[in-house]
Each structure stands twice: as C-alpha cells, then as structure tokens.
Amino acid sequence: MLNYLKALNIDLPYVEARDATIDELLIFHTKDYIEALMKSDATMKVNAYIREKYNTGTIENPISPGMWRGSLLATGSSIQAVEIFNSYYKSQKQLVIFNPAGGMHHAKSSKANGFCFLNDPVITIKHLQKHGFRKIMYIDLDAHHPDGVQEAFYEDDSVYTISLHQSPEYAFPFSMGYETELGIDEGLGFNMNIPLPKAINDSEFSYALEKAIDFASSRFNPDAFVIQMGVDGLKEDYLSKFELSNNAYIKAIDIIYRYTKKFILLGGGGYNPISLARAWGLVWIYLNDINLKDVKITKEAEELLRSLDYEDFEDLMEDNIYTSILDTPRDGDIRIKEKLEKIISLHKLYMMV
Ligand SMILES: [Zn+2]
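Q: Honestly, the pairing of strand β2 (residues 136–140) in this entry has me stumped. Any pointers?
A: Each regular strand shows side chains that alternate between the opposite faces of the sheet. Of all 5 residues making up β2, 5 are buried, and the element is well covered by its neighbours. Pairing analysis gives 5 bridges linking β2 to strand β3 (residues 159–166), with the strands arranged parallel. Counterpart to Met 137 in the pairing with β3 is Tyr 160. In the classification by handedness, the crossover that spans β2, the intervening helix α7 (residues 147–153) and the parallel β3 is right-handed. Across 5 bridges, β2 lies against strand β5 (residues 224–228) in parallel orientation.

Q: What is the right way to look at helix α10 (residues 273–287) in this model?
A: For α10, with 15 residues, the first-to-last C-alpha span of 21 Å sits near the 21 Å given by 1.5 Å per residue. Counting buried positions over the 15 residues of α10 gives 11, a clear majority of the element. Listed in full, the buried residues belonging to α10 are Ser 275, Leu 276, Ala 277, Arg 278, Ala 279, Trp 280, Gly 281, Leu 282, Val 283, Trp 284 and Ile 285. Contacts from the buried residues of α10 go to α1 (2–7), β1 (95–99), α9 (247–257) and α11 (299–307). Positioned one or two residues after α10, Asp 289 has a phi angle of 60°, which is positive.

Q: Honestly, the nonpolar core in this entry has me stumped. Any pointers?
A: Among the nonpolar cores identified, the biggest contains 86 residues, and Ile 136, Ala 208, Val 226, Ile 227, Ile 264 and Leu 265 are the most heavily contacted of them. Contact partners of Ile 264, with chain neighbours within four places excluded, come to Ala 81, Val 82, Phe 85, Ile 97, Thr 124 and Val 226.

Q: How should the environment of Glu 338 be read in this particular structure?
A: Locating Glu 338 in the fold gives a position in helix α12 (residues 337–350). Looking at Glu 338, the number of C-beta atoms within 10 Å reads 8, which means it is exposed. Residues Glu 338 and Asp 140 lie 198 residues apart in sequence; the distance between their C-alpha atoms is 21 Å.

Q: Help me out: how do you make sense of the sheet that holds strand β4 (residues 191–196) in this one?
A: Adjacent strands of a sheet form backbone hydrogen bonds with each other and so pair up, either parallel or antiparallel. Sheet architecture is open: 6 strands sit in the order β1-β6-β5-β2-β3-β4, paired in parallel fashion. A single partner strand is all that each edge strand has here, and the edge strands are β1 and β4. The average angle at which neighbouring strand axes cross in this sheet is 10°, direction not considered.

Q: Looking at this structure, I do not really get the packing of helix α8 (residues 202–219) against α12. What am I missing?
A: Two quantities define a packed helix pair, namely the angle between the helix axes and the distance between the axes. Remark: α8 packs on α12, axes separated minimally by 11 Å, with the N-to-C direction vectors making an angle of 15°. Comparing their axes, α12 and α8 come out roughly parallel. Remark: the crossing between α8 and α12 carries right-handed chirality. Between α8 and α12, the residues in contact are Ala 208, Lys 211 and Phe 215 and Leu 340, Ile 344 and His 347, respectively. Classifying every residue of the contact of α8 with α12 gives 4 nonpolar, 1 polar and 1 charged.

Q: Before we go on, may I ask you to explain the pairing of strand β6 (residues 262–266) in this structure?
A: Burial analysis of β6 places 4 of its 5 residues in the buried class, the great majority of the element. Bridge analysis of β5 against β6 gives 4 bridges, and the strand direction is parallel. Across the sheet, Ile 227 pairs through a bridge with Leu 265, a residue of β6. The parallel pair β5 and β6 is bridged by α9, and the resulting crossover is right-handed.

Q: Looking at this structure, I do not really get the packing of helix α5 (residues 67–88) against helix α6 (residues 120–130). What am I missing?
A: Axis separation between α5 and α6 bottoms out at 9 Å; the angle between their running directions is 25°. On the basis of their axis angle, the class for α5 and α6 is roughly parallel. Along this stretch, α5 crosses α6, giving a crossing that reads as right-handed. Only Asp 120, Ile 123, Thr 124, His 127 and Leu 128 of α6 make contact with α5, whose side of the interface consists of Ala 74, Thr 75, Ser 78, Ile 79, Ala 81 and Val 82.

Rules behind the numbers
- Residues numbered from 1 in each chain as written.
- Predicted model: local features only at pLDDT ≥ 70, side-chain atom pairs only at ≥ 80, totals over all residues.
- Buried ≥ 20, exposed ≤ 12 C-beta atoms within 10 Å, placed from the backbone.
- Helix = DSSP H or I, 4+ residues; strand = E, 2+ residues; numbered from the N terminus.
- Pairing = 2+ DSSP bridges.
- Right-handed = clockwise from strand over helix to strand, strands pointing away.
- Expected span 1.5 Å × (residues − 1).
- Contact = placed C-beta atoms within 7 Å.
- Core = buried A, V, L, I, M, F, W, Y, C linked by C-beta atoms within 7 Å.
- Axes fitted to C-alpha atoms, helices over the stretch in contact; angles between N-to-C directions.
- Parallel < 35°, antiparallel > 145°, perpendicular 65-115°, else oblique.
- Left-handed = near helix turned anticlockwise from the far one by under 90°.
- Nonpolar A, V, L, I, M, F, W, Y, C, P; charged D, E, K, R; others polar.

Note that all results are geometric; they support no functional claim without further evidence.
Here you go:
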C-alpha cells in the first residue's frame, strides 16, 4: 500500500512500526500462550500437545519465519496508535490513526485462530481503557465475524461491539456471529452482530452500518471508537462472498464521521493484494482530505499493480482496476431492511437505557 501511494507520488506522514513488548501483550494474552509462540518461533515447529492446546502449527495458523515478528509489529503498531491518539486527543479536532497491519480480530487469549496469533484490536481497546478512555465503541467491517473480540468483551458493558459480516451459516468462523448473540451478564445488549447474506452490495453495506451505529449511539456514549476495516468484502476478494466496491469503505468513513472525527482505524482481512492496496491507499488518501478527483494514476502505479505476483482472478476484476483507484460503485437494491429491523428490535428489548 505504501509503495502504491509512493508510485502515485502521494507522500503522507507515517511512523515506523515497533514491536509490542511482552508486558503489553499480557493485558490480554496468557503467559503460557506467549511462551509457546516464542518457542515455536525459535524452533519453527510445534508438538501435538501444543498444536492441540494453542491451535498453532495448523493449516489455518502455520508457524512461519515471519509469524512471531510480524504479529509483534502489527500489535506494536496498534499500541503506538493508542499512544499517539492519547497524546493528540485533546489538541486536535480531527484525529484518525490508521494501522493497516492491525485488525487481527480472531485470536483468542490463549489460542491462535483464523490466521491471527495476537489480537491487536482487543489489546488496542484495553490500552485505550488504561489511558482513561473507559467506554469504547468497536465497529468491525471485515467480511468475517470478530469472534476473538466478541469473546473478550462478551460480559463487559464498557465495550459496545458492532460487526457487519458474512453469516456464520456459510462463512468463517461458522460457530459464532449470529444476531442472537447479545452479550451476557453485564455485557447483555452490548454486542450487536449483523450477519449478512451473500452478494451484499455497497448500498446494503452502508444501510446496515448506518442503522447499527444510529441505534448503538442512542444507547451508548463512547469515549473513543476503534474501527476494524478489513477489506475482504470487496468483490475481487476470493475469500468472501460480498460484492462491495471500494466506495463502500469511503462511505463507511463518512458515516462514522457523523458521530466522531477521532478514532483508531485498524486493517484486517484482504486477500487480493491489488484491490487491497487500492482500497487502503484510497482510505488513507481520503482521511488526509485529499480530493480523490485530484489523484492521477501514474504509469509507475499501474505497473506496480500489474507486477504483483498473484494468482489469476481476472474474472473477478474489472478493467479499470489498474487505471483507477476508485472502483465503479456497486450499488443496488437494499434487500436487508427487514433483517435490520429485526436485529434492532431484538436489541431494544435488552439494552439498558
Ligand atoms: Zn476477514
């Protein structure tokens, strides 16, 4: 993404990532799990007991040379985002800190899950709370349900979780993400799942997000927002069944801006590197108030995308993918109105006023 922006001659400020420290991880993860990850990193293998206990060394969560360092950097960057957010919160009217490497929302406190070893969204929220931002609204736009985040705050009324995702009836994590999962005990009514059918278009995605935040913010007044913006809901992404264009993510920022201009933005899923570089590049440009009409695709940028060594999913890609940063909008009928109404009514029953 950074190389793509450079090829577009767009030079935006960024901070070099740092590793998370072990102490910073212990705010959520267990010591034995971290030690097991470090050991696997040193030996590049796991035994049957470790594989079973921590779900590592599997096809889903393989041990690889970049696994530990990459996870530490991704999580360290999210903690840096919290530190910057906290330092500038009072002095800035608009403050969005974007960590595209973050958003690893599936990891559990002592288990790897869904390509995720460390759950930086949970760690981000907990570090924000440590800095005094007590009530957090977490909004997850990834095509997959954030089971690790839901589990971490399921009994907690200080974090309101909203997630738009492919229904577990047909998508990972399969066992969680239904609308009837509302939270338990203190957390009852603070977990809003919006499982969606296949082939969701831009109009439907925006509609669901608007309805969800509108309801949640009438009942919960957060001190800070954390947004996970996995872009695997793009039509060109072979891991999801949604059919979004990258306009949907710009629209999502516009919707969130109605409620706050200060938030931490994390990345997440995205398995087509061409559409991923364009979508997150686009989002970053937009967050910097650069007019998208002024973005001219250079020859270098086009060549960079064409040079990406990637399996051929040409049938999913539109012709302008190399020559424009914005997709053609994929708007359409809103088929989910009744579904949203049902979900909101369910929450009205349980939410404390
Ligand atoms: Zn995903």
